[in-house]
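What follows is the residue order along each chain.
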Amino acid sequence: MLSQLVQSQLLKVSGKRAFATTVNENFLPKKYGGKYIVTLIPGDGIGKEITDSVKTIFAAEHVPIDWETVELSGMSGSASQIDEAVLSLKRNKVGLKGITYTPSSPFAKSLNVALRKELDIFASLVLIKNIPGVPSKLQDIDFVLVRENTEGEYSGLEHQSVPGVVESLKIMTKYKTERIARFAFDFAVKNDRKLVTAIHKANIMKLGDGLFRSTVKEVGQAEYPGVEVKDMIVDNASMQAVSYPQQFDVMVTPNLYGSILSNIGAALIGGPGLVPGANFGREHAVFEPGCRHVGLDIKDKNVANPTGMILSATMMLRHLGLDPYADRIAKATYDVLAEGKAVTPDIGGKATTTEFTAAILSKLQS
Ligand SMILES: NC(=O)C1=CN([C@@H]2O[C@H](COP(=O)(O)OP(=O)(O)OC[C@H]3O[C@@H](n4cnc5c(N)ncnc54)[C@H](O)[C@@H]3O)[C@@H](O)[C@H]2O)C=CC1
Ligand SMILES: O=C(O)CCC(=O)C(=O)O
Ligand SMILES: [Mg+2]
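Residues numbered from 1 in each chain as written. Chains lettered and ligands numbered in written order. Predicted model: local features only at pLDDT ≥ 70, side-chain atom pairs only at ≥ 80, totals over all residues. Heavy atoms only, no water.

Under an unreviewed UniProt entry, the protein has the name Isocitrate dehydrogenase [NAD] subunit 1, mitochondrial and belongs to Ogataea haglerorum. The heading Sequence similarities (unreviewed entry) in the UniProt record of the protein holds the text "Belongs to the isocitrate and isopropylmalate dehydrogenases family." Per UniProt, the protein has the following entry under Catalytic activity (unreviewed entry): "D-threo-isocitrate + NAD(+) = 2-oxoglutarate + CO2 + NADH". (UniProt positions renumbered as here; feature names shortened; annotations may be inferred.)

What follows is the structure, given as structure tokens:
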């Protein structure tokens with residue numbers, strides 16, 4: 001039973017299928033000396049601890065990857081760090097990333113957002129699915145969030161026209177809405193999902209969200225007759241997500257609603273440390289925990305749950321065609337979670353991050 005569940009998780013976590021339709025084959029990463037070079041950006045907060053967990057597991061499994069580590073910090077970093085990170089990702093095409101902190105000061109730009117825009121990794125993919133053994137109030141949850149990553153509310157265009165009056169621009173374009181819609185429908189087709197729901201607020205933002213709603217529906221109806229398309233207002237979708245999440249299959253969202261729904265989704269399945277994610281463009285793919293939390297409050301305490309990062313890393317392995325490594329690592333991770341003996345405090349356990357990682361290693365060796 002468990003292995004069947006694991007198998008279906010593995011299929012659905014597969015970034016490769018989503019990627020294959022989106023990335024130009026000419027830009028697939030190349031091996032050097034039999035190994036892929038992957039950019040590793042630990043980021044701030046718990047990033048180092050959870051990427052260390054991945055590094056330990058990959059080393060023990062002899063995964064044919066060399067890491068190119070780039071420091072990127074929103075707390076202390078120099079301006080040149082972002083250039084270095086972008087250069088490394090442009091060269092290697094593939095990255096594994098923690099989250100960088102963004103201070104609320106008006107002068108501090110989000111490095112996470114800058115990186116996504118610079119590389120045009122426009123599609124965020126987040127899997128919200130119950131994990132056997134992890135307590136959650138509702139069962140049979142299994143949906144995917146496809147989130148536009150480069151425009152919308154995260155455009156970062158704000159100005160104060162006169163003191164006390166601020167205008168924030170939300171940019172929505174037909175071009176970027178069509179491409180995120182196609183990504184969502186392609187993902188649905190390739191992963192045997194039947195329903196795409198466009199999430200919007202077209203009753204209030206009639207032009208911007210109206211464009212999003214109508215474009216997703218047009219693309220679906222014209223190009224993907226085998227996939228049902230619906231739409232739902234974001235307020236209702238948030239309520240439905242916590243009362244009847246089983247109704248959702250693939251949700252396609254503008255930027256901010258995707259962030260909010262990924263956080264609701266994380267809470268539904270047991271917490272932010274469990275959710276895997278990836279960002280795809282035509283040339284690059286960057287894998288990062290789907291709920292995108294920095295975790296400054298638990299930094300260096302050795303309690304962070306690295307599951308979301310490990311599962312993001314297994315999506316990356318599939319993207320690179322290293323499925324057998326991904327299968328073994330994901331299965332060992334799910335087995336440790338299912339047993340519940342060596343799990344971290346966020347899901348009710350007492351284990352440290354390193355003890356959880358060690359339990360995965362011993363599963364792999366057994
Ligand atoms: N504050 C920032 O710089 C950034 C914030 N965000 C977004 O803002 C929202 C909230 O961010 P923050 O308030 O900074 O959240 P946070 O990073 O403080 O996380 C919220 C809570 O979840 C816990 N948590 C997160 N990951 C965990 C893990 N792997 N294991 C165990 N516990 C974990 C943290 O300890 C914390 O108590 C999120 O949606 C996030 O996507 C995204 C990027 C940067
Ligand atoms: O980069 C940030 O500081 C916040 C971004 C965010 O909330 C997200 O990407 O979901
Ligand atoms: Mg967020």
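K.L.:
What exactly am I supposed to notice about the site of ligand 2 here?
P.N.:
Neighbouring ligand 2 are Thr 102, Ser 110, Asn 112, Arg 116, Arg 147, Tyr 154, Ser 259 and Arg 292. Between ligand 2 and Tyr 154, the relevant distance is 3.2 Å, taken from an oxygen atom to a side-chain nitrogen or oxygen of the residue. Between ligand 2 and Ser 259 there is a distance of 3.2 Å, counted from an oxygen atom to a side-chain nitrogen or oxygen. Protein chains shield 76% of the accessible area of ligand 2, which is 290 Å² for the free molecule. Of the residues belonging to the shell around ligand 2, the class tally is one nonpolar, four polar and three charged. (Near = heavy atom within 4 Å. Polar contact = N/O pair within 3.5 Å; in protein donor to acceptor, adjacent residues only side chain to side chain. Areas by Shrake-Rupley, 256 points an atom, 1.4 Å probe, with all protein chains shown as cover. Nonpolar A, V, L, I, M, F, W, Y, C, P; charged D, E, K, R; others polar.)

K.L.:
Explanation requested: the site of ligand 1 in the structure shown.
P.N.:
The full set close to ligand 1 counts 20 residues, and Thr 102, Arg 292, His 293, Gly 295 and Asp 297 are the nearest of them. Take Cys 291: an N or O atom from its main chain is 3.1 Å from an oxygen atom of ligand 1. Measuring from an oxygen atom of ligand 1, one finds a backbone N or O atom of Gly 295 at 2.6 Å. In isolation ligand 1 has 810 Å² of accessible area, and contact with the protein removes 67% of it. Across the shell around ligand 1, the residue classes break down as eight nonpolar, nine polar and three charged.

K.L.:
I tried to follow helix 10 (residues 307-319) on my own but got confused; where do I start?
P.N.:
Each turn of an α-helix holds 3.6 residues, which means side chains three or four residues apart point in the same direction. The terminal C-alpha atoms of helix 10 lie 18 Å apart, and with 13 residues this matches the ideal 18 Å at 1.5 Å per residue to within 8%. Summarising burial for helix 10: 13 of the 13 residues are buried, a large majority. The positive-phi residue at the C-terminal boundary of helix 10 is Gly 321, with phi of around 80 degrees. (Helix = DSSP H or I, 4+ residues; strand = E, 2+ residues; numbered from the N terminus. Expected span 1.5 Å × (residues − 1). Buried < 20%, exposed > 50% of the residue type's maximum accessible area, 1.4 Å probe, protein only.)

K.L.:
I tried to follow the environment of Pro 225 on my own but got confused; where do I start?
P.N.:
Along the chain, the position of Pro 225 falls in the loop between helix 7 (208-223) and strand 10 (228-233). Considered as a pair, Pro 225 and Arg 318 are 93 residues apart in the sequence and their alpha carbons are 28 Å apart.

K.L.:
I would appreciate a short explanation of the packing of helix 4 (residues 80-92) against helix 5 (residues 111-119) in the present structure.
P.N.:
If you want to describe how two helices pack, look at the angle between their axes and the distance between the axes. At a minimum axis distance of 10 Å, the contact between helix 4 and helix 5 shows a crossing angle of 40 degrees. When the axes of helix 4 and helix 5 are compared, the pair comes out oblique. Crossing angle aside, the handedness with which helix 4 passes helix 5 is right-handed. Residue-level contacts link Ile 82, Ala 85, Val 86, Leu 89 and Lys 90 of helix 4 to Leu 111, Ala 114, Leu 115, Glu 118 and Leu 119 of helix 5. Among the residues making up the contact of helix 4 with helix 5, the classes are represented as eight nonpolar, no polar and two charged. (Axes fitted to C-alpha atoms, helices over the stretch in contact; angles between N-to-C directions. Parallel < 35°, antiparallel > 145°, perpendicular 65-115°, else oblique. Left-handed = near helix turned anticlockwise from the far one by under 90°. Contact = heavy atoms within 4.5 Å.)

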